Amino acid sequence: MNENTVDIYLFGKKYTVPGDLTIMRAMEYAGYQLVRGCGCRNGFCGACATIYRIKGDRELHACLACQTKVENDMYVATLPFFPLIKQVYDIEKVKPTEQIMMQLYPEIYACVGCNACTKSCTQGLNVMQYIAYAQRGEFDKCAEESFDCVMCGVCSSRCPAGISHPQVAMLARRLNGKYLAPKSEHLENRVREIENGTFDELMEALMGKPASELQELYNNRDIEK
């Protein structure tokens, strides 16, 4: 092994790979063809939930394979999709009351405060705290605390109470957006303009531009104060 490579173990088999790769890229470098669990490859979809440990360290770490760089003597195992409880509801009919959580996700009131969900979160979110907000019906706070959740489900895989934390957070964000957050009149006007085709020609023009020019336009856009 030279100074630019590291030894890693994928599903128990040793591979020597470049040290600047993410776990996902390292798997492909080692010859694995990823057809599932590779999603967006940019940390937004939560599909590549992975656990690993470093040789000599007993602690298991959870991460997203597309975001995490390999380390020497890293033992890696990917996680299958975790089946969260996803209740069906009509956002037009439910209301932002504490009772809606009791009705749809009563298991949140069985939380034992072990904090395993927070410790395992791949995004570093305070998961136990946003569940506490949901228990109290403070959906605006739950929405804010859970905003960066990517629904990977690692928190739920560690929960002794069987809570589907990402789905609870999703409900809180929907309730907040529908009923609690201040309405934005200029945003609603813009949506109507889009639906009426006001920006069709502009969108067609943008679709034909190279990525570098789009990035430049984005970086120099006018931002509302």
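Residues numbered from 1 in each chain as written. Predicted model: local features only at pLDDT ≥ 70, side-chain atom pairs only at ≥ 80, totals over all residues. Heavy atoms only, no water.

A.B. asks: I'd like to hear about the layout of surface pockets, residue by residue, with values.
C.D. replies: Empty space within the largest pocket amounts to approximately 380 Å³. Taken together, 23 residues form the lining of the largest pocket, with R36, G37, A47, C48 and L79 sitting closest to its centre. Elements supplying a minimum of two residues to the lining of the largest pocket: α1 (23-29) and β3 (49-54). Residues that form the lining of the largest pocket fall into these classes: 16 nonpolar, 6 polar and 1 charged. The calculated volume of the second largest pocket comes to roughly 280 Å³. Forming the walls of the second largest pocket are 13 residues, and the residues nearest its centre are L60, H61, A62, S120 and R158. Secondary structure elements with two or more residues in the lining of the second largest pocket: β4 (61-64), α3 (116-120) and α6 (154-157). Across the lining of the second largest pocket, the residue classes tally to 7 nonpolar, 3 polar and 3 charged. (1 Å grid on protein atoms, 1.4 Å probe; cavity = no way out; pocket = protein on both sides within 12 Å on 5 of 7 lines; lining within 4 Å. Points joined across faces, edges and corners; volume = space filled by probe spheres on them. Helix = DSSP H or I, 4+ residues; strand = E, 2+ residues; numbered from the N terminus. Nonpolar A, V, L, I, M, F, W, Y, C, P; charged D, E, K, R; others polar.)

A.B. asks: Describe the pairing of strand β2 (residues 13-18), listing the residues and the values that go with them.
C.D. replies: Sheet topology note: the strand β1 (residues 5-10)/β2 ladder contains 6 bridges and is antiparallel. From the neighbouring strand, Y9 faces β2, where its bridge partner is K14. The loop that links β1 with its antiparallel partner β2 comprises 2 residues; one of these, F11, has a positive phi angle of about 55°. (Pairing = 2+ DSSP bridges.)

A.B. asks: Account for the pairing of strand β5 (residues 74-78), naming residues and giving values.
C.D. replies: Taken together, the 3 bridges between β1 and β5 define a ladder with parallel strand orientation. Bridge pairing links L10 to V76 in β5.

A.B. asks: Any chance you could break down the packing of aromatic side chains for me, citing the residues and the numbers?
C.D. replies: By the definition in use, this model includes 3 aromatic pairs. Seen from their ring centres, Y9 and Y75 are 4.2 Å apart, and the 5° between their planes marks the pair as stacked. Here Y9, found in strand β1, pairs with Y75, found in strand β5; they are 66 residues apart in sequence, far enough to count as distant. Here Y9 falls in the buried class, since its relative accessible area comes to 13%. A relative accessible area of 25% places Y75 in the partly exposed class. (Phe/Tyr/Trp six-rings, centres within 6.5 Å; stacked < 30°, edge-to-face > 60°. Buried < 20%, exposed > 50% of the residue type's maximum accessible area, 1.4 Å probe, protein only.)

A.B. asks: Outline helix α4 (residues 127-135), listing residues and values.
C.D. replies: Within α4 the residues assigned to the buried category are V127, Y130, I131, A132, Y133 and A134. On its buried face, α4 sits against α2 (98-104), α3, α5 (139-145), α6 and α7 (165-180). (Contact = heavy atoms within 4.5 Å.)

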